[in-house]
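# Secondary and tertiary structure notes
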Amino acid sequence: MPFFSIITPAYNREKMIAITINSVLAQKFTDWELIIIDDGSKDKTREAVSTFEDVRIKYFYQNNAERSAARNNGISKATGEFICFLDSDDEYLPQHLQTFYDYIASKNFEAAFYYAPSIIKKHSGQTVSLMYDGPEHAAQWAWHALLQNCGVCMPREFLDTHQFPAEFNVWEDMHLWLRLLVQHKFYQLPEPLAVVHYHDDRSINNMFDNLDTRHIDKYAACINHLFENYGNLLAPILTLDMRNQFLFDKYMTFAEIAAQKGKLDKFKYLLHRALYYLPQKKYSGYVWKLIAICLRNAILK
């Protein structure tokens with residue numbers, strides 16, 4: 001039984017997954033298993049994985065069921081004491097597992113939610129993901145920070161009763177992280193231990209670039225599902241008022257993009273959705289300013 005089980009869902013990643021696998025093979029800490037769940041890839045992901053002969057790498061194929069189901073499948077096959085996550089387009093730094101092990105050992109292997117920041121690489125350069133510095137509850141911080149999956153590590157037992165919501169492929173990770181954070185102690189490691197690659201194929205990029213309202217609505221549906229099904233668990237750390245403000249802000253972020261682009265129909269839809277959560281905001285100067293911007297840019301088009 002290894003100490004760490006690393007769960008990696010993959011879909012059409014033949015060109016990227018070697019970087020991910022090599023980053024695990026390069027770990028200074030060697031007591032691990034890498035569980036790759038191929039979520040019905042149509043390319044040569046299987047062949048790319050098969051070039052690695054290390055017995056700690058375990059490949060499983062499933063019919064396409066999206067990333068939540070793939071991660072849950074991986075969890076069911078994991079034998080390690082602690083579960084880590086690594087998406088198939090990201091990578092661990094060489095000290096990742098050793099640093100986690102040392103930190104967990106320093107806490108006497110306490111059952112807790114462990115997290116390390118990540119380096120975020122984009123075409124425009126790189127930054128470090130947000131770090132928790134209190135004083136609010138860790139779940140309240142994570143609610144806005146959006147944790148990177150490759151920085152998460154926890155005891156296997158946490159995932160016996162709480163798993164990823166299989167019906168969602170947007171915000172599904174935060175759905176689970178928040179449920180766990182309101183129940184368990186949170187520890188943050190002080191240094192970045194993984195690299196997150198932002199590339200053109202990432203769904204979040206398409207959501208922003210194309211103003212994909214269906215994608216945005218799925219995002220909101222996942223958040224609503226969390227509160228509808230786990231509201232009692234979340235309260236009083238995360239409240240309905242916080243949800244309403246959060247979703248108003250998210251829809252208005254996209255409404256502002258639509259206004260700048262003069263996309264009148266999408267702007268109207270996004271504004272309507274935003275005001276569903278905070279209807280009193282329809283009288284705000286910010287809303288009327290965006291309406292004016294959108295009308296002006298729509299005419300200029």
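It should be noted that the structure appears before, not after, this text.
We now turn to the structure provided with this report. Sequence order sets the numbering: in each chain, residues are counted from 1 along the sequence as written. pLDDT decides what is reported in this predicted model: residues at 70 or higher carry local features, side-chain atom pairs at 80 or more are listed and counted, and totals for whole chains, interfaces and linings draw on all residues regardless. Just so you know, side-chain values use all the structure's heavy atoms and leave hydrogens and water out.

## What to know about the side chain of Thr 20
Here is the rule: Here a strand is any run of E in DSSP of at least two residues, a helix any run of H or I of at least four, and the numbering for each starts at the N terminus. For this analysis, a polar contact is any N or O atom pair within 3.5 Å, provided that within protein one partner can donate a hydrogen and the other can accept it, and provided that sequence-adjacent residues contribute only side-chain to side-chain pairs. Contacts are residue-level and defined by heavy atoms, with any inter-residue pair within 4.5 Å sufficient.
Looking at where Thr 20 falls in the secondary structure, it is placed in helix H1 (residues 17–25). A distance of 2.7 Å separates a polar side-chain atom of Thr 20 from the backbone oxygen of Asp 90. In contact with Thr 20, other than residues within four places in its own chain, are Leu 86, Asp 87, Ser 88, Asp 89 and Asp 90.

## Some details on the nonpolar core
The tendency in soluble globular proteins is for nonpolar side chains to be buried as a group. The condition that has to hold: The term nonpolar core refers to a set of buried residues drawn from Ala, Val, Leu, Ile, Met, Phe, Trp, Tyr and Cys, joined through side-chain atoms within 4.5 Å. Partly exposed describes any residue whose relative accessible area lies between the buried limit of under 20% and the exposed limit of over 50%, with all areas from a 1.4 Å probe on protein chains only and scaled to the type maximum.
Judged by nonpolar contacts, the single largest core of 64 residues is most densely connected at Phe 85, Phe 113, Leu 147, Trp 171, Trp 177 and Leu 178. Among the elements that line this core, the one with the most residues is helix H9 (residues 240–261), at nine residues. With residues near it in sequence (within four places) discarded, Leu 178 still touches Ala 139, Ala 142, Trp 143, Trp 171, Leu 226, Leu 234 and Leu 238. Core analysis: the next-biggest nonpolar cluster, separate from the first, contains 34 residues, Ile 17, Trp 32, Val 49 and Tyr 187 among them.

## With respect to the sheet that holds strand S5 (residues 91–92)
Backbone hydrogen bonds are what pair the strands of a sheet, in a parallel or an antiparallel way. As a reminder, the rule being used: For two strands to be treated as a pair, DSSP must find at least two bridges joining them.
Read across the sheet, four strands follow the order S5-S11-S7-S8 without closing on themselves; strand pairing throughout is mixed. Sheet topology places S5 and strand S8 (125–128) at the edges, where each strand pairs with a single neighbour.

## Structural notes on the packing of aromatic side chains
Which entries qualify depends on this criterion: Think of it this way: a Phe, Tyr or Trp ring, Trp meaning its six-membered ring, pairs with another when their centres are within 6.5 Å, and the plane angle makes it stacked under 30 degrees, edge-to-face over 60, tilted otherwise.
What the rule picks out here adds up to 28 aromatic pairs. Between the aromatic rings of Tyr 103 and Tyr 114, the centroid separation amounts to 6.2 Å while the plane-to-plane angle is 85 degrees, which identifies the pairing as edge-to-face. Separated by 11 residues along the polypeptide, Tyr 103 in helix H4 (residues 96–106) and Tyr 114 in strand S6 (residues 113–115) bring together distant segments of the chain. Tyr 114 sits in the buried class, given a relative accessible area of 0%.

## Here we look at the pattern of salt bridges
Note the cut-off: Put simply, a salt bridge is a Lys or Arg side-chain nitrogen that is within 4 Å of an Asp or Glu carboxyl oxygen.
Counting across every chain of the model gives eight salt bridges. Here Arg 71 makes a salt bridge to Glu 172, at a shortest N to O gap of 2.9 Å. Taken as a pair, Arg 71 in helix H3 (residues 66–77) and Glu 172 in helix H6 (residues 172–181) lie far apart in primary sequence, 101 residues in all. Note on accessibility: Arg 71 and Glu 172 belong to one class, buried. Measuring nitrogen to oxygen at the nearest pair gives 2.7 Å for the salt bridge that ties Asp 160 to Arg 156. Salt bridges sharing common partners tie together Arg 71, Asp 87 and Glu 172.

## Comments concerning H1
The test is simple: It is the directions from the helix axis to the C-beta atoms whose arc is reported.
Three or more residues of H1 are buried, namely Ile 17, Thr 20, Ile 21, Ser 23 and Val 24. Within H1, the buried residues cover an arc of 155 degrees as seen down the axis, which keeps them to one side.

## Looking at the sheet that holds strand S4 (residues 82–85)
Threshold: Axis lines are fitted through C-alpha atoms, for helices just across the contact stretch, and the angle between N-to-C directions can take any value from 0 to 180 degrees.
Taken in spatial order, the seven strands of this open sheet run S3-S2-S1-S4-S9-S6-S10, and their pairing is mixed. Two strands in the sheet have a free side with no partner beyond their single neighbour: strand S3 (57–62) and strand S10 (186–188). Across the sheet, the mean angle from the axis of one strand to that of its neighbour is 20 degrees, orientation sign disregarded. Alignment of S4 against strand S9 (residues 152–155), held across three bridges, turns out to be antiparallel. Bridge pairing in S9 links Phe 82 to Pro 155.

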